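What follows is each chain in one-letter form.
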Amino acid sequence: MFLDGNFFPLMLYEIVVHISKFWNKPDGLIFYLDQVENEEEARFIASVIQAAENAVHELHTEYKVGSVQLLLEIDNCRALYRVNEIMDALSPYFSGAAVNMEAFWASIGRYFIDDENYRLQSGIEPLFYSHPSELAQSIVEQRGGVFIFDN
């Protein structure tokens with residue numbers, strides 16, 4: 001989808017439409033986001049949601065701006081190590097996170113796809129599952145978010 005000649009993610013369009021239709025149902029304004037890699041993307045998402053909320057508030061003054069809540073799926077290395085910055089950029093909408101371990105390890109595999117010497121030994125994968133999830137869980141929960149273990 002394009003907006004003024006620029007690519008505009010369909011997911012964000014759907015969120016805006018959903019907010020405009022279900023503004024009076026706060027329990028229906030919780031969204032699960034995946035594939036957010038950094039704070040720049042998160043800031044863009046937050047700005048679109050803020051604009052949608054402000055527009056709804058102008059039409060329906062009883063709408064409380066800040067009602068949208070976002071649950072973030074951490075599914076790549078970059079996002080894992082930028083969780084604090086992503087949380088800040090999604091404020092005040094950030095509510096919690098989950099780690100998708102299969103997508104996380106696939107993202108690592110993409111980095112090493114051309115390295116013929118890279119091997120992830122089978123049998124030790126379960127040992128790796130705890131560290132990324134524990135790291136994300138400690139950051140999210142210390143900052144008041146909900147953490148969902150998604151294995």
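Higher on the page you've got the structure.
Residues numbered from 1 in each chain as written. Predicted model: local features only at pLDDT ≥ 70, side-chain atom pairs only at ≥ 80, totals over all residues. Heavy atoms only, no water.

Caption draft 1: Seen up close, the overall build of the protein. Regarding its fold elements, the protein presents six helices and six strands. The secondary structure elements of the protein, listed N-terminal to C-terminal, are β-β-α-β-α-β-α-α-β-α-α-β. Here the analysis covers contacts within the protein between residues at least 6 apart in sequence; of these, 73% occur between residues at least 24 apart. On the protein, roughly 9,100 Å² of surface is accessible, and the fraction owed to carbon and sulfur atoms is 53%. (Helix = DSSP H or I, 4+ residues; strand = E, 2+ residues; numbered from the N terminus. Contact = heavy atoms within 4.5 Å. Areas by Shrake-Rupley, 256 points an atom, 1.4 Å probe, with all protein chains shown as cover.)

Caption draft 2: Spotlight on the packing of helix H2 (residues 39-59) against helix H4 (residues 83-90). At a minimum axis distance of 8 Å, the contact between H2 and H4 shows a crossing angle of 15 degrees. Considering their axes alone, H2 and H4 lie roughly parallel with respect to each other. Between H2 and H4 the crossing geometry is right-handed. Of the residues in H4, those touching H2 at Glu39, Ala42, Arg43, Ile45 and Ala46 are Glu85, Ile86, Ala89 and Leu90. Taken together, the residues of the contact of H2 with H4 break down into six nonpolar, no polar and three charged. (Axes fitted to C-alpha atoms, helices over the stretch in contact; angles between N-to-C directions. Parallel < 35°, antiparallel > 145°, perpendicular 65-115°, else oblique. Left-handed = near helix turned anticlockwise from the far one by under 90°. Nonpolar A, V, L, I, M, F, W, Y, C, P; charged D, E, K, R; others polar.)

Caption draft 3: Fine view of the layout of surface pockets. Here the largest pocket is characterised by a volume of approximately 160 Å³. As for the largest pocket, its lining consists of Pro9, Met11, Leu12, Asp34, Gln35, Val36, Glu41, Phe44 and Ile45. At the level of secondary structure, the elements contributing two or more residues to the lining of the largest pocket comprise helix H1 (10-21) and H2. Looking at the lining of the largest pocket, the element that brings in the most residues is H2, giving three residues. (1 Å grid on protein atoms, 1.4 Å probe; cavity = no way out; pocket = protein on both sides within 12 Å on 5 of 7 lines; lining within 4 Å. Points joined across faces, edges and corners; volume = space filled by probe spheres on them.)

Caption draft 4: Local environment of the nonpolar core. Core analysis: the biggest nonpolar cluster contains 41 residues, and Ile19, Ile45, Ile49, Val68, Leu70, Leu72 and Ile74 have the highest contact counts within it. Sequence-distant contacts of Ile19, that is, excluding residues within four places in its chain, are made with Leu29, Phe31, Ile49, Ala52, Val56, Tyr63 and Val68. (Core = buried A, V, L, I, M, F, W, Y, C linked by side-chain atoms within 4.5 Å. Buried < 20%, exposed > 50% of the residue type's maximum accessible area, 1.4 Å probe, protein only.)

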